[in-house]
Amino acid sequence: MSTDASTHFTHAITRRPAPSITAGLRAVDTGTPDLALMQAHHAAYITALRATGATVIELDALDAYPDSVFVEDTALCLPQGAVIMRPGAPSRLGEAAEMAPHLAALYADIRRIEGATSFIEGGDILVTGSEILVGRSARTNADGIAELTRLVASWGKPVREVHTPPGVLHFKTDCSLLDATTVLATPRLADSGCFDDYFVVHTAPGEDAAANAIRFNDVVIMAAGFPGTRAAVERAGYTVVEIGNSECAKLDGGMSCLSLRFTPAK
Ligand code: CIR
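Q: Which residues make up empty space enclosed by the protein, and what are the values?
A: Tallied over the entire structure, the rule returns 1 cavity of 30 Å³ or more. Approximately 40 Å³ is the volume attributed to the largest cavity. Lining of the largest cavity is provided by Met38, His41, His42, Tyr45, Ile243, Gly244, Asn245, Cys248, Met255 and Leu258. With 4 residues, helix 1 (residues 35-51) is the largest single contributor of residues to the lining of the largest cavity. Looking at the lining of the largest cavity residue by residue, the classes come out as 6 nonpolar, 4 polar and no charged.

Q: Please provide a residue-by-residue account of the pattern of salt bridges, values included.
A: All told, the structure shown has 17 salt bridges when counted by the stated rule. A salt bridge links glutamate 72 to lysine 172, with the nearest nitrogen and oxygen atoms 2.7 Å apart. With a gap of 100 residues between them, glutamate 72 in the loop between strand 2 (55-59) and strand 3 (75-77) and lysine 172 in the loop between strand 8 (159-163) and strand 9 (175-179) connect regions that are remote in the sequence. Residue aspartate 208 pairs with arginine 188 through a salt bridge whose shortest N-O separation is 3.6 Å. Remark: arginine 188 occurs in helix 4 (residues 187-190) and aspartate 208 occurs in the loop between strand 11 (199-202) and strand 12 (214-216); sequence separation between them is 20 residues.

Q: Now, about helix 5 (residues 227-235): what can you tell me, with residues and values included?
A: Residues of helix 5 that are buried include every one of Thr229, Ala232 and Val233, and no others. The buried residues of helix 5 occupy an angular sector of 95 degrees when projected down its axis, which confines them to one face. Along helix 5, the residues that are exposed and aim more than 90 degrees away from the buried face are Pro227 and Arg235. Here the buried face of helix 5 lies against strand 10 (182-185), strand 11, strand 13 (219-223) and strand 14 (240-243). Once helix 5 ends, the next one or two residues include glycine 237, with phi positive near 110 degrees.

Here is what the cut-offs are and how they apply
Residues numbered from 1 in each chain as written. Predicted model: local features only at pLDDT ≥ 70, side-chain atom pairs only at ≥ 80, totals over all residues. Heavy atoms only, no water. 1 Å grid on protein atoms, 1.4 Å probe; cavity = no way out; pocket = protein on both sides within 12 Å on 5 of 7 lines; lining within 4 Å. Points joined across faces, edges and corners; volume = space filled by probe spheres on them. Helix = DSSP H or I, 4+ residues; strand = E, 2+ residues; numbered from the N terminus. Nonpolar A, V, L, I, M, F, W, Y, C, P; charged D, E, K, R; others polar. Salt bridge = Lys/Arg side-chain N within 4 Å of Asp/Glu carboxyl O. Buried < 20%, exposed > 50% of the residue type's maximum accessible area, 1.4 Å probe, protein only. Arc of directions from axis to C-beta. Contact = heavy atoms within 4.5 Å.

Geometric descriptors of this kind do not, in isolation, establish any biological role.
Below is the structure:
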């Protein structure tokens, strides 16, 4: 197992869930999220991040933005600098500007996706040891990917455009990085060929929702309730921490969505 910059981080940023979370976006209505239970899961998630030795910055809830707990979509954080996204969901566009000053306090180099026709969300971006994969989706378009490609051109990792499976919210809904050259992925995404140059651990049958996990320092943080996938990840040599995700799952959210993970360069 490697300990490179694509899996090891000194910092994470999270944002407390707001009471308006009940109005969060969802593809299919499977019930109203319970704020108290989501807060409990969120607290356990932060404890798991901190247990690895990282500094976790907890931002206040933003009631004006029901989906603002899903901070991952607002920025891409790399060792050299951070890029502020332009979320493709109109109700989430303003979340990116809310995140910018917090990253500016930690990074010397902040860049922004600014084009009026450019849309891109962090959930569609997977940074591996060698490249930045960006899935085109209902939230992330060609102009957004082209602008990101220009902005990070001097930062050492090439951008590769891939496709988020139809009907899937984000590219990382269906995959996660386990180490610099290994991903956890659903069979439907792995079958597209985008990970042909990687080692792939597949989610177990019926457990596609386990694919959204995070490798954070020495652990893999996974949504609870997917025993087949957990066993596969452990067999591959990783230490797993499970966190309840029942409430975020009602809003198509998972482990990666809840944090920005990075080592800032000041
Ligand atoms: C949304 O539809 O934007 C939120 N309800 C869920 C965002 C999940 N974020 C992520 O996968 N990075």
